[in-house]
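Spelled out from the first residue to the last, the chains are:
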Amino acid sequence: MAIWKKKAKQFDEPYKVSKAITKGNAATKLSMIIMGFGNIAHKQVIKGLLFLAMEAAYIWFMVTSGITNLEHFITLGGNAQEEVWNEAKGIYEYTAGDMTLLFLLYGVATVFLTGLFIVTWRANMKSAYEAECRTKEGKHVNSFREDFKKLFDQKLHWTLLTPPITGILVFTILPLVFMICMAFTSYSKVGDHLTLFNWVGLKNFATVLGMGNTIGKTFWSVLGWTLVWAVFATFLNYILGMLLAIIINRRTTRIKGFWRFCFMLSAAVPQFVSLLLMRSMLRESGLINVMLQNAGIINSPLPFLSDPTWARVTVIIVNLWIGIPFTMMQVTGILQNIPNDLYEAAKVDGANSVTIFFKITLPYMLFVTTPYLITTFTGNINNFNVIFLLTKGEPVPVGYTAGKTDLLVTWLYKLTVDQQYFNVGAVVGILTFVILAIVSLVTYRNSGSYKNEEGFQ
């Protein structure tokens, strides 16, 4: 705690908004209402006019459409398209109804623009107070040209970071907030709520997390399988890939490059091609069943993809075939960096191969690859390709929206794209993020990397 206080004091901001409001002169305080007034009063005319123009643009936007957007955001409309008889023309005409989806989108965008205006207003207050303080202290007050040059010198980081931050806000944060808001609405084909919908609070979360309905039962079933799949897909790949790398990396193994090349062939083929090929081979009339029947090993086709247990085991095994080569290459570089002195000292002390593995190799590997494991675990929870291209989540029980091999991410796809349960899909997306965040945080805090950082600090 003392370290944080020291850092906060070291980087204390001299020109705070609170100081500008409480200690600023009349021109600075007037900038709270008329943005840029403080800068204009201290001869920073162009900067002051820019702040004023931003305020005028925001006020104009709010008057023309912003306030209406916020009202619609709160109510989400409710006027449906109506058929009205036109006596003069002798025909029925249709009145335009409300588009609730646009109301929600425009409302979220207006909230974002309001947040951007607040940031600009704070910058205006800081700038006005800085100009006032520098004038009182007899220091030089920068002109607009000097401030502009600083954007390519002392404040170059601002210039470089502005485009990517803007892109993240517009193309990532805004859609995420829009999706989160959707989770609290009735936006779904159920009850024909695809055009007009309203706020329903936490009703969708109760539906997904409850056990008294089909959606709730499906969620807990899919969540359980998703975690089982992620554990097996991550740690089996890791352990088997590490063992394979150790075997190839031994001094007694010849032509190491050839063996690595053989195992990397599966990674060289595009994943979707391999998965579609495996799906074709594993069908009841596929190549594998036909060969086994012709050889007299089996009498009837094996249900690789049609039986729930067989299908789950199949996707795990196929994922091993795809994932082990990548783990092998990741681990190979780390194995080659473990000091040989450790192994030689262990052998002198009488340690066998198993003891050396658990006391030297495995701890070293886990310490270095914990971030990789967290990333892989997260990726496997969201591993859309393997499940969807291999089984499409099948087999699917009658009346259910997800199959026995569906993960949360493939179920989310089906809920939104196939079945148009957008509100439930948004809830599933939020819960998936929460689960990933909790698992990643717990794993990281229990890892050696976190403990090392704590000790370093």
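The shown structure was predicted, so the numbers you read here are calculated from the model rather than taken from an experiment.

Description of unusual backbone geometry
Trans is the common state for peptide bonds, and a negative phi is the common state for residues other than glycine.
Part 1 of the reasoning: Going from Glu394 to Pro395, the amide bond is cis rather than trans, its omega being 0°.
Part 2 of the reasoning: Relative to the helices and strands, Pro395 resides in the loop between α17 (384–390) and α18 (408–418).
Part 3 of the reasoning: A positive phi angle, close to 60°, is found at Lys392, a residue other than glycine.
Part 4 of the reasoning: Overall, the relative accessible area of 35% leaves Lys392 in the partly exposed class.

Re the pattern of salt bridges
Any two side chains of opposite charge can pair, on the condition that their charged atoms come close.
Part 1 of the reasoning: Evaluated as defined, the whole model comprises 4 salt bridges.
Part 2 of the reasoning: Lys47 is the salt-bridge partner of Asp147, the closest N and O atoms lying 2.8 Å from each other. Residue Asp147 is located in helix α7 (residues 144–150), and its partner Lys47 is located in helix α5 (residues 45–75); the two are separated by 100 residues in the primary sequence.

As for the packing of helix α12 (residues 271–281) against helix α14 (residues 308–335)
Each pair of packed helices gets described by two things: the angle between the helix axes and the distance between those axes.
Part 1 of the reasoning: Where α12 contacts α14, the axes come no closer than 12 Å and their chain directions differ by 150°. By the angle between their axes, α12 is roughly antiparallel relative to α14. Note on packing geometry: the crossing formed by α12 with α14 is right-handed. On α14, the residues touching Gln271, Ser274, Leu275 and Met278 of α12 are Val318, Trp321 and Ile322.
Part 2 of the reasoning: Taken together, the residues that form the contact of α12 with α14 break down as 5 nonpolar, 2 polar and no charged.

Overview of the confidence of the model for the chain
Part 1 of the reasoning: Across the chain, pLDDT averages 84, with 90% of residues at or above 70.
Part 2 of the reasoning: A low-confidence stretch, residues 453–457 stays under pLDDT 50, and its non-local contacts, those more than four residues away or across chains, total 2 contacts.

With respect to the nonpolar core
Part 1 of the reasoning: Judged by nonpolar contacts, the single largest core of 29 residues is most densely connected at Leu104, Val208, Phe219, Leu408, Trp411 and Val424.
Part 2 of the reasoning: Elements with a minimum of two residues in this core: α6 (100–136), α8 (156–182), α9 (203–209), α10 (214–249), α18 and α19 (422–445).
Part 3 of the reasoning: Among the elements that take part in this core, α19 stands out by supplying 7 residues, more than any other.
Part 4 of the reasoning: Contact partners of Phe219, with chain neighbours within four places excluded, come to Val208, Leu209, Leu408, Trp411 and Leu431.
Part 5 of the reasoning: Judged by nonpolar contacts, the second largest core, of 21 residues, contains Leu275, Val318, Ile322 and Ile381.

Cut-off values and rules
- Residues numbered from 1 in each chain as written.
- Predicted model: local features only at pLDDT ≥ 70, side-chain atom pairs only at ≥ 80, totals over all residues.
- Heavy atoms only, no water.
- Helix = DSSP H or I, 4+ residues; strand = E, 2+ residues; numbered from the N terminus.
- Buried < 20%, exposed > 50% of the residue type's maximum accessible area, 1.4 Å probe, protein only.
- Salt bridge = Lys/Arg side-chain N within 4 Å of Asp/Glu carboxyl O.
- Axes fitted to C-alpha atoms, helices over the stretch in contact; angles between N-to-C directions.
- Parallel < 35°, antiparallel > 145°, perpendicular 65-115°, else oblique.
- Left-handed = near helix turned anticlockwise from the far one by under 90°.
- Contact = heavy atoms within 4.5 Å.
- Nonpolar A, V, L, I, M, F, W, Y, C, P; charged D, E, K, R; others polar.
- pLDDT = per-residue confidence, 0-100.
- Core = buried A, V, L, I, M, F, W, Y, C linked by side-chain atoms within 4.5 Å.

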